[in-house]
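Take a look at the letters that make up each chain.
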Amino acid sequence: MRVYAVLAGGVGAARFLRGLLRVVPADEVVAIVNVGDDLTHLGLRICPDLDSITYWLGGVVHPEQQWGRADESHVVAGELARLGHEPWFTLGDRDLGVHLHRTARLAEGVPLSVITDEVRRAFGVEVRLLPATDDPVETRIRTVDGRDLHFQEYWVRERAAPEVASVVLAGADRATAGPDVIETLLDAEAVLLAPSNPVVSVGTILAVNGIAAALHQTPAPVVGVSPIIGGEVVRGMAHRLLPAVGAEVSAAGVAQHYGHRAAGGVLDGWVVDTRDQDQLEAVRAAGIAARATDTMMDDPEVAAALARVCLDLATELEAGA
């Protein structure tokens, strides 16, 4: 059976996967998901990217927020605020059920990969979701004013306001790839990099031991989608983080940051938005095949068309190998 592996962060990856599932069968798609954003809050283990993708593909995501649960209530959050807890990371009542299950199972010694499979099945998600690792990896932001913040503290509590000095992927050098992650990459028909944050989503996945090496070794073409459109991020804070890793905030800048596989990077192909067609020459100058199409995935059909462009480019790269 063919397998399409997708390196995935949160909302951008979920929207891309929604389109990909209109092009290929769900049982042929495996998402390898970032866990560097995970945190323990009020004693509960929370996995924002895994949960966002599960809620999107399970059809229960909040339609306006594009994260969290639809038809959500916040009774528990209100009680916690009344008891004096700072409400910087608000958890909905439905959402709490998932976190309680995960935390209880982890306390029993069950690996995150097994729990993730339990949760996605409970929500009727047919796509396999693989945590990049079962080991603890934590994305931390060191700010110019001298603070060391968990990514969620930086993004949610501080609203990405502090100037970033550096990004630290704590524990990534000791973490090993989760079950089936390396095998999926090596056996894939194509590997796709979703339009997720290149520093703290895809970058964190690539930092886990063995994953970047598997991308270098796989015979499958590796094609990514730019998260930058017209020089701006669609959502998130990549524009705040890319300069901290020496990358330009542009479609070509992100491609150059990832690099061409033949030169030690991870890309064979790169898809940019039509508004960035002027970036194609710079991408190709780095040795990376490039295409332009509509990448603003508000409409599921646009997401499906984007997925087709990615797979067509992968097929062309395979044929020319």
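Residues numbered from 1 in each chain as written. Predicted model: local features only at pLDDT ≥ 70, side-chain atom pairs only at ≥ 80, totals over all residues. Heavy atoms only, no water.

Overview of the packing of helix H1 (residues 11-20) against helix H13 (residues 300-319)
Relative orientation of the contacting elements H1 and H13 amounts to 80°, with a least axis distance of 7 Å. Of the possible angle classes, the one that applies to H1 and H13 is roughly perpendicular. Judged by residue contacts, Arg15, Phe16, Arg18, Gly19 and Leu20 of H1 engage Pro300, Ala303, Ala304, Leu306, Ala307, Cys310 and Leu311 from H13. Taken together, the residues of the contact of H1 with H13 sort by class into 9 nonpolar, 1 polar and 2 charged. (Axes fitted to C-alpha atoms, helices over the stretch in contact; angles between N-to-C directions. Helix = DSSP H or I, 4+ residues; strand = E, 2+ residues; numbered from the N terminus. Parallel < 35°, antiparallel > 145°, perpendicular 65-115°, else oblique. Contact = heavy atoms within 4.5 Å. Nonpolar A, V, L, I, M, F, W, Y, C, P; charged D, E, K, R; others polar.)

Overview of the packing of aromatic side chains
Under the counting rule described, the total for this entry stands at 3 aromatic pairs. Relative to phenylalanine 123, the ring of tyrosine 55 has its centre 5.6 Å away and its plane inclined at 55°; by these criteria the two rings are tilted. Taken together, the positions of tyrosine 55 in helix H2 (residues 48-57) and phenylalanine 123 in the loop between helix H5 (112-122) and strand S5 (128-131) put the pair 68 residues apart, joining distant regions of the chain. On the basis of an interplanar angle of 65° and a centroid distance of 5.4 Å, the ring pair of tryptophan 88 and phenylalanine 89 is categorised as edge-to-face. By relative accessible area, which is 17% here, tryptophan 88 ends up buried. The class for phenylalanine 89 is buried, based on a relative accessible area of 13%. The ring of tyrosine 55 has arginine 69 lying over it, and the distance from NZ or CZ to the ring centre is 5.4 Å. Positioned over the ring face of tryptophan 88 is arginine 157, at 5.9 Å from the centre of the ring. (Phe/Tyr/Trp six-rings, centres within 6.5 Å; stacked < 30°, edge-to-face > 60°. Buried < 20%, exposed > 50% of the residue type's maximum accessible area, 1.4 Å probe, protein only. Lys NZ or Arg CZ within 6 Å of the ring centre and 35° of its normal.)

Structural notes on the environment of glutamate 118
With respect to the element layout, glutamate 118 can be found in helix H5. Accessibility expressed as a relative area gives 25% for glutamate 118, which makes it partly exposed. Separated by 169 residues in sequence, glutamate 118 and glycine 287 have C-alpha atoms that sit 41 Å apart. Sequence-distant contacts of glutamate 118, defined by excluding residues within four places in its chain, comprise His101 and Arg105. Separated by 2.5 Å, the side chains of glutamate 118 and arginine 105 make a polar contact. (Polar contact = N/O pair within 3.5 Å; in protein donor to acceptor, adjacent residues only side chain to side chain.)

Some thoughts on empty space enclosed by the protein
Under the criterion given, the structure shown has 1 cavity of 30 Å³ or more. Quantified by volume, the largest cavity comes out at close to 50 Å³. Lining of the largest cavity is provided by Leu50, Asp51, Thr54, Arg102, Leu112, Thr116, Val119 and Arg120. Counting only elements with at least two residues in the lining of the largest cavity, the list comes to H2 and H5. With 4 residues, the top contributor of residues to the lining of the largest cavity is H5. Residue classes in the lining of the largest cavity are distributed as 3 nonpolar, 2 polar and 3 charged. (1 Å grid on protein atoms, 1.4 Å probe; cavity = no way out; pocket = protein on both sides within 12 Å on 5 of 7 lines; lining within 4 Å. Points joined across faces, edges and corners; volume = space filled by probe spheres on them.)

A few points about H2
Taken across its 10 residues, H2 has 10 buried, putting it largely inside the fold. Within H2, burial applies to Pro48, Asp49, Leu50, Asp51, Ser52, Ile53, Thr54, Tyr55, Trp56 and Leu57. Just beyond H2, the residue with positive phi is glycine 59, at close to 75°.

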